[in-house]
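Geometric and topological summary
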Amino acid sequence: MKWWHAVASIASALVLVAAFGANVLLYSQSSPAIASGPQVTFNRDIAPIVFQNCARCHRPGESGPFPLITYADVKKHARQIEIVTRTRFMPPWLPEPQELKFTDESRLSDEKIATLKAWVDEGAPEGNPADLPPQPDFVRGWQLGQPDLVLKAAKPFVLPASGSDMYWNFIFPLPIDRSRWMKAIEIRPGDKQFVHHANVLVDRMENSRQREKAPGAGFEGMEIKIESEVFDPDSHFLFWKPGSVPYVEPGGMALRLDKGTDLVLNVHMQPSGKPETIQPTIGIYFTDQPATKFPMLLQLQNDGKLDIPAGDANFVVTDQLTLPIDVALLGIYPHAHYLGKDLQAIATLPDGSSKMLIHIPHWDLNWQAVFRYQKPVFLPKGTKVNMHYVYDNSEDNPLNPNNPPQRVLGGNRARDEMAHLWLQVLPVNFDSKAGDPRMLLQEALARHNIENDPSDFASHYNLGAMLQARGKLDEAIAEYREALRIRPQDATVNSALGGALIAEGQPQRAIPYLRAASSASPNYFDAHYNLGHALAATEDYAGAAEQFAAAVHLRPDDADAHANFGSALAELGKLTEAKAQFERALEINPDHALARENLEQLRSAMSAH
């Protein structure tokens with residue numbers, strides 16, 4: 001079976017030089033009066049603020065359009081700094097202060113903003129050199145030291161000189177010969193002046209390669225879908241934005257990477273006026289500690305309700321998900337495009353109390369990010385997570401890309417809109433003997449998505465797979481049929497439906513669906529393997545052998561395929577060929593019971609003759 005995951009990009013962007021002179025009056029607030037006293041100086045009062053909050057981006061090689069390291073640097077831009085900090089345009093931090101605190105908060109206090117204003121108003125004096133603190137000692141090169149594995153994009157991408165923002169996907173095949181555990185990843189996306197953000201997706205089936213026009217060239221796209229043949233839900237936020245540092249996963253939460261896995265780096269870029277060459281590099285840090293905790297990404301979304309009339313300044317989209325189990329909320333990522341205005345996520349607990357998970361009253365696409373909580377937020381079973389987004393499609397929205405405003409629909413392009421909210425949750429307080437608790441989350445999410453959009457193919461498919469895993473074959477078959485109605489030619493759902501019918505004891509009914517799957521996707525192992533079983537169950541051993549032969553060709557190291565191929569050959573009286581298949585199965589898996597039992601019977605039969 002396969003599991004489908006739709007992953008939208010994690011967007012964040014850098015502000016170029018022009019941003020300091022335009023669109024800064026997003027909102028204003030009065031600054032508190034600073035007490036009279038000693039003159040405010042750069043060395044004593046301003047340098048600590050700038051070093052801590054500005055220099056990590058505003059330094060050579062980083063995304064800031066100019067450095068803010070020395071007194072001369074800061075004085076040159078003093079009035080700009082005063083304006084963008086007073087209006088809270090800089091440093092970029094979207095969430096409002098709240099009870100649930102985030103890590104790495106870069107929001108300036110009112111007192112620091114007042115200090116900056118006083119310094120500029122007093123003529124930006126330098127002050128006593130003895131008061132100047134040491135410049136920040138930023139790590140040069142890899143932030144966590146030399147990675148265990150460094151990968152460079154096979155081919156560079158040339159960003160056009162003009163046009164709209166662009167998303168490009170670079171594929172990094174993992175050169176590993178066994179499963180490894182990744183504790184951190186550092187993304188070097190290319191020239192940070194032109195890259196707004198980048199995030200990594202894990203492709204365990206190497207399916208993304210099919211979208212490349214040439215090997216290693218990558219492909220365009222803002223949102224891509226990743227498939228897996230086992231239950232393997234999206235689990236980790238792997239992203240880069242200007243000023244970010246690599247995130248080291250907590251103990252026990254490393255991400256498993258298997259042989260045959262690709263990492264897909266989705267990069268969001270903005271043309272600069274001349275062609276730019278982008279060739280990212282990523283560094284991977286492994287650990288010997290396997291995962292013992294398994295988080296999951298839940299997505300609320302309601303793009304189907306996005307049909308925003310021109311001129312509407314308060315268009316509201318909501319969504320709600322009820323949690324079926326206890327979870328600890330680790331991180332949150334809200335996502336909208338240019339018309340987003342006020343974004344909220346609120347948790348309503350079973351006792352009726354509520355928690356503000358995040359509130360962004362002045363949304364800016366350029367500065368969105370993943371926000372991680374300082375402490376995990378406990379959300380008990382029955383908690384309702386509410387998403388409430390307000391959009392402004394009026395001419396008063398300085399970020400509106402359309403002038404005059406135009407009707408805007410939900411979609412994947414930057415000029416479309418989105419209403420997405422991702423939550424990284426860790427199941428807690430569950431009985432491990434009852435199975436993987438994430439399956440309950442996945443089932444709840446699939447049912448929720450179908451309620452929002454009955455034509456959601458992936459959710460019907462995933463719900464079918466969930467139900468089949470729980471032994472509810474009748475309900476699973478009904479969901480697969482609904483998915484098939486939406487995409488009649490889809491090889492995945494045809495194969496899944498055929499497999500479910502075999503499990504229900506209806507191999508004859510399964511055969512047409514499995515033939516359709518293998519015809520639609522000739523290199524689809526599952527379709528050939530399942531069709532081989534169905535044909536064998538109807539005593540068409542010649543047809544079964546043909547299908548198992550195709551399966552063995554596609555996966556030469558699959559012991560089950562070799563064992564079943566051998567069984568079909570034995571039924572056809574081809575004992576020598578069957579013996580070779582059983583022996584090969586045992587070479588791959590010495591504990592393969594079917595191959596061992598059949599091989600013993602075969603040897604007895606051959607010796608009797």
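See above for the structure.
What comes next concerns the included structure. (Residues numbered from 1 in each chain as written. Predicted model: local features only at pLDDT ≥ 70, side-chain atom pairs only at ≥ 80, totals over all residues. Heavy atoms only, no water.)

A few points about the sheet that holds strand β7 (residues 219–220)
Ordered by their spatial adjacency, five strands build an open sheet running β7-β4-β11-β6-β9, and the pairing between neighbours is antiparallel. The open sheet has two free edges, formed respectively by β7 and β9 (239–240), since each of these has just one partner strand. When strand β4 (residues 166–173) meets strand β11 (residues 262–269), the two strands line up antiparallel, connected through eight bridges. Within β11, the position partnered with Met166 by the bridge is Met269. (Pairing = 2+ DSSP bridges. Helix = DSSP H or I, 4+ residues; strand = E, 2+ residues; numbered from the N terminus.)

Brief notes about the side chain of Asn43
On the secondary structure map, Asn43 appears in helix α1 (residues 42–53). At a separation of 3.2 Å, a polar atom in the side chain of Asn43 contacts the main-chain carbonyl oxygen of Gly127. The contacts of Asn43, once residues within four sequence positions are left out, are Pro48, Glu126, Gly127, Asn128, Pro129, Asp131, Leu132 and Pro133. (Polar contact = N/O pair within 3.5 Å; in protein donor to acceptor, adjacent residues only side chain to side chain. Contact = heavy atoms within 4.5 Å.)

Some details on empty space enclosed by the protein
In total, this model carries four cavities of 30 Å³ or more according to the counting rule given. The wall of the second largest cavity is formed by Thr85, Arg88, Met90, Pro91, Trp93, Arg107, Leu108 and Ile113. Split into classes, the residues belonging to the lining of the second largest cavity amount to five nonpolar, one polar and two charged. (1 Å grid on protein atoms, 1.4 Å probe; cavity = no way out; pocket = protein on both sides within 12 Å on 5 of 7 lines; lining within 4 Å. Points joined across faces, edges and corners; volume = space filled by probe spheres on them. Nonpolar A, V, L, I, M, F, W, Y, C, P; charged D, E, K, R; others polar.)

Regarding the state of the cysteines
If you walk through the whole model with that rule in mind, you get zero disulfides. Of all cysteine sulfurs in the structure, the one in Cys57 sits closest to Cys54, which takes part in no disulfide; the separation is 9.1 Å. Relative accessible area serves as the criterion here: at 16%, Cys57 is assigned to the buried category. (Disulfide = S-S within 2.5 Å. Buried < 20%, exposed > 50% of the residue type's maximum accessible area, 1.4 Å probe, protein only.)

Focus on the pattern of salt bridges
For the structure shown, the criterion picks out 23 salt bridges. Here Arg44 and Asp45 are joined by a salt bridge, their closest N and O atoms 3.0 Å apart. Among the ionic pairs, Arg79 bridges to Asp121, the shortest N-O distance being 3.6 Å. Taken together, the residues Arg79 in helix α3 (residues 78–86) and Asp121 in helix α4 (residues 110–121) connect sequence positions 42 residues apart. (Salt bridge = Lys/Arg side-chain N within 4 Å of Asp/Glu carboxyl O.)

Structural notes on the side chain of Ser106
Assignment of secondary structure puts Ser106 in the loop between α3 and α4. In terms of polar contacts, Ser106 uses its side chain to reach the backbone carbonyl oxygen of Pro92, at 3.4 Å. Residues contacting Ser106, with those up to four places away along its chain left out, are Asn53, Arg56, Pro91, Pro92 and Trp93.

Remarks on the packing of aromatic side chains
Counted by the stated rule, this structure contains 13 aromatic pairs. Here the aromatic residues Trp93, Phe102, Phe371 and Tyr373 are joined through ring pairs into a cluster of three or more. When the ring centre of Phe138 is taken as reference, the NZ or CZ atom of Arg59 above it lies at 4.0 Å. Lying over the aromatic face of Tyr247, Arg372 brings its terminal NZ or CZ to 3.6 Å of the ring centre. (Phe/Tyr/Trp six-rings, centres within 6.5 Å; stacked < 30°, edge-to-face > 60°. Lys NZ or Arg CZ within 6 Å of the ring centre and 35° of its normal.)

Remarks on the sheet that holds strand β21 (residues 384–391)
Strand order in the open sheet formed by four strands is β16-β21-β18-β19, with antiparallel pairing between adjacent strands. Because the sheet does not close on itself, it has two edges, and the strands there are β16 (315–322) and β19 (354–360). Looking at each pair of strands side by side, their axes are set apart by 15° on average, direction ignored. Summarising the sheet, strand β18 (residues 340–348) and β21 pair through eight bridges and their orientation is antiparallel. Opposite Asp342, over in β21, you have Val390 as the bridge partner. (Axes fitted to C-alpha atoms, helices over the stretch in contact; angles between N-to-C directions.)

Observations regarding the packing of helix α12 (residues 559–571) against helix α13 (residues 575–588)
If you want to describe how two helices pack, look at the angle between their axes and the distance between the axes. Packing of α12 against α13 leaves a shortest axis separation of 8 Å and a crossing angle of 165°. Taken as axis vectors, α12 and α13 run roughly antiparallel relative to one another. Between α12 and α13 lies a crossing whose hand is left-handed. Residues Ala559, His562, Ala563, Phe565, Gly566, Ser567, Leu569 and Ala570 of α12 form the contact with α13, whose participating residues are Leu575, Glu577, Ala578, Gln581, Phe582, Arg584, Ala585 and Ile588. Of the residues assigned to the contact of α12 with α13, the class counts are ten nonpolar, four polar and two charged. (Parallel < 35°, antiparallel > 145°, perpendicular 65-115°, else oblique. Left-handed = near helix turned anticlockwise from the far one by under 90°.)

A closer look at the nonpolar core
Ranked by size, the top nonpolar core spans 50 residues in total, and within it Leu298, Ile332, Leu357, Tyr391, Leu421 and Leu423 carry the most contacts. In contact with Leu421, other than residues within four places in its own chain, are Leu298, Gln299, Leu300, Ile332, Tyr333, Pro334, Ala345, Val385, Met387 and Tyr389. With 44 residues, the next largest nonpolar core counts Phe525, Tyr529, Ala559 and Leu602 among its residues. (Core = buried A, V, L, I, M, F, W, Y, C linked by side-chain atoms within 4.5 Å.)

Some details on the pairing of β19
As defined by bridge partners, β18 adjoins β19 across six bridges and the pair is classed as antiparallel. Bridged to Ala347 within β19 is Lys355. Taking the residues between adjacent antiparallel strands as the criterion, β18 and β19 are bridged by five residues, where Gly352 takes a positive phi near 95°.

Some words on the packing of helix α11 (residues 541–554) against α12
It is the contact of α11 with α12, at a shortest axis distance of 9 Å, that shows an interaxial angle of 155°. The angle between α11 and α12 places the two elements in the roughly antiparallel class. α11 and α12 meet at a crossing whose hand is left-handed. Facing α11, whose interface residues are Tyr541, Ala544, Ala545, Phe548, Ala549, Ala551 and Val552, α12 presents Ala561, His562, Asn564, Phe565, Ala568, Leu569 and Glu571. Of the residues in the contact of α11 with α12, the class split is eleven nonpolar, two polar and one charged.

Nothing here speaks to function; it is all geometry.
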